[in-house]
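# Architecture at a glance
Here's the letter readout for the chains.
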Amino acid sequence: MVNVLGLDIGGANTKAAYVRNQRGVIEDVQVFVEYFPVWKNSKDLEQVLQKLRDNIGGSLDVVGVTMTAELADVYQTKREGVEHILGCVKKVFLDVPIYVLNTEASLESLEAALAEPVGVAAANWAATGWLVAQYFENCIVVDVGSTSTSIIPIINGKIAAQGKADLDKLICGELVYTGSLRTNLAAIVQTVPVKNAWATVSSELFALSGDVHLILGHITREQYISETADGKGTTYKEALTRLARLICADTEMLTEKELTQIAQHIYEKQIQQITKGLNQVYKHAKKTATTKIPILTAGLGKDFLAHKAAKQTITTIIKEKEKEEKITESMIMDLGKMLPSKVSLAVPAVGVALMTAKQAETKTKDA
């Protein structure tokens with residue numbers, strides 16, 4: 001039996017997966033999510049990690065780590081971010097072997113990661129890709145988190161990503177910086193429909209994507225775990241107030257119906273953002289795949305963002321290939337229905353945990 005903790009240390013959320021693994025078989029999985037804005041409280045990261053360790057309430061044989069928090073602007077460079085994050089991990093798990101995931105989808109020692117920190121920066125997509133590749137020969141994963149969307153192609157049973165680092169992924173469509181909760185609405189739209197006209201939006205941080213999805217009923221107040229733009233609550237009325245402020249108005253100037261229509265417009269534009277990246281990745285993946293490629297949805301936005309974008313992509317493919325056998329919506333699958341729901345919300349953490357468990361068991365056999 002190997003008891004392993006997988007850590008996915010993000011800029012806004014730190015996720016942990018505690019997995020009890022017996023010869024490649026998962027005996028039990030526990031998932032923990034801690035909202036922690038690294039850019040505000042980076043000095044407290046060690047305390048957050050200690051809290052997560054205390055929460056697992058069980059023995060620990062090995063730790064696997066992946067991260068995206070190194071991008072937080074509290075750090076001058078990614079190197080500085082990786083060094084600080086891994087330094088905190090080392091202090092909390094000093095008595096446990098630690099492995100770090102790199103962008104080549106392999107694990108390396110803590111010492112090796114510190115020697116080449118850029119190679120382990122923003123590698124959590126590789127954990128998701130590795131996990132899915134254990135079950136699917138060909139597919140594309142669309143993982144919509146609170147902050148961004150990862151689009152990961154799996155071809156012939158292996159991760160087939162064009163990009164490794166964030167910059168490369170932004171270029172090739174594998175990273176779309178739009179998410180379920182934390183996206184500034186001014187990064188989604190420049191204009192919105194109101195009073196039979198179009199209003200340009202303010203570039204202030206007045207409202208977030210979480211407000212839109214709360215208003216439209218896509219998320220609950222409990223799921224709106226990130227900080228709001230004005231620091232106030234997550235009631236329906238408070239979300240409407242923030243949305244009205246996007247066009248320098250308030251809820252006395254705009255009706256609930258008008259604000260809902262604005263929210264719906266922003267929602268459709270956000271789907272288009274993800275669809276654009278997915279189309280780009282899908283077309284490239286089709287060049288090497290020998291079979292049809294299903295789309296797997298994951299993350300907090302899997303139902304209301306990832307699924308909608310996948311449907312638009314599938315529709316585009318049908319129009320382009322009318323003479324071929326049509327690809328239907330059955331080609332869109334919910335990763336959350338294939339894995340326990342708690343796992344689907346923290347796939348990178350679970351993925352790096354299972355990778356680490358496999359490596360630990362292999363080393364035990366070889367010893």
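Up top is the structure these notes are about.
This section reports on the structure supplied with the text.

## A short note on the sheet that holds strand β4 (residues 62-67)
Taken in spatial order, the six strands of this open sheet run β3-β2-β1-β4-β5-β6, and their pairing is mixed. The open sheet has two free edges, formed respectively by β3 (25-35) and β6 (107-109), since each of these has just one partner strand. The average undirected angle you get between the axes of adjacent strands in this sheet is 25 degrees. Relative to strand β2 (residues 13-22), strand β1 (residues 2-9) runs antiparallel, the two sharing eight bridges. Directly across from Val2, in β2, lies its bridge partner Asn21.

## Thoughts on the layout of surface pockets
For the largest pocket, the calculated volume is near 1100 Å³. If you list the elements that add at least two residues to the lining of the largest pocket, you get β2, β3, α5 (124-133), β8 (149-155), α6 (166-172) and α13 (347-366). Its residues assigned to classes, the lining of the largest pocket comprises 20 nonpolar, 17 polar and nine charged.

## Considering the nonpolar core
In terms of nonpolar packing, the biggest core is built from 52 residues, with Ile140, Leu185, Leu243, Ile247, Ile262 and Ile266 touching the most fellow members. Listed by contribution, the elements that provide at least two residues to this core are β7 (139-144), β8, β11 (191-194), α7 (209-215), α8 (236-245), α9 (256-285) and α10 (302-320). The element best represented in this core is α9, accounting for eleven residues. Ignoring sequence-local partners within four residues, the contact set of Ile266 consists of Leu185, Ile188, Val189, Val192, Val212, Leu243 and Leu246. Among the nonpolar cores identified, the runner-up in size contains 38 residues, and Leu101, Trp125, Leu131 and Ala349 belong to it.

## Let's talk about the packing of aromatic side chains
Applying the stated criterion across every chain, the model contains zero aromatic pairs. Here Lys169 stacks its cationic end above the ring of Trp125, 3.6 Å away from the centre of that ring.

Calculation criteria
Residue positions are given per chain, counting from 1 as you read along its sequence in written order. Restriction of local features to residues with pLDDT of at least 70 applies here, the model being predicted, together with a cutoff of 80 or more for giving and counting side-chain atom pairs; totals for whole chains, interfaces and linings are based on all residues. With hydrogens and water excluded, all non-hydrogen atoms of the structure serve as input to the side-chain values. Pairs of strands are assigned from DSSP output, requiring at least two bridges between the strands. In this text, helices come from DSSP runs of H or I with a minimum length of four residues, and strands from runs of E with a minimum of two, each type numbered from the N-terminal end. Where helices are involved, their axes are fitted lines through C-alpha atoms of the stretch in contact, as for all axes, and angles between N-to-C directions lie from 0 to 180°. Lining residues are defined by having an atom within 4 Å of a point belonging to a cavity or pocket. Those points lie on a 1 Å grid over the protein atoms alone, cavities being sets where a 1.4 Å probe fits but cannot get out and pockets being open sets with protein on both sides within 12 Å along at least five of seven lines. Grid points are joined across faces, edges and corners, and a volume is the space filled by probe spheres set on the points. Ten residue types, Ala, Val, Leu, Ile, Met, Phe, Trp, Tyr, Cys and Pro, are classed as nonpolar, four, Asp, Glu, Lys and Arg, as charged, and the remainder, Gly among them, as polar. Throughout, nonpolar core names a set of buried Ala, Val, Leu, Ile, Met, Phe, Trp, Tyr and Cys residues whose side chains join them through atoms within 4.5 Å. Three labels apply to residues, based on accessible area from a 1.4 Å probe with only protein chains included: buried if under 20% of the type maximum, exposed if over 50%, partly exposed otherwise in between. The contact definition used throughout considers only heavy atoms, calling two residues in contact when any of these lie within 4.5 Å. Pairing of aromatic side chains here covers Phe, Tyr and the six-membered ring of Trp, requires ring centres within 6.5 Å, and sorts the geometry by plane angle: under 30 degrees stacked, over 60 edge-to-face, intermediate tilted. For a Lys NZ or an Arg CZ to count as sitting over a ring, it must be within 6 Å of the ring centre and within 35 degrees of the ring normal.

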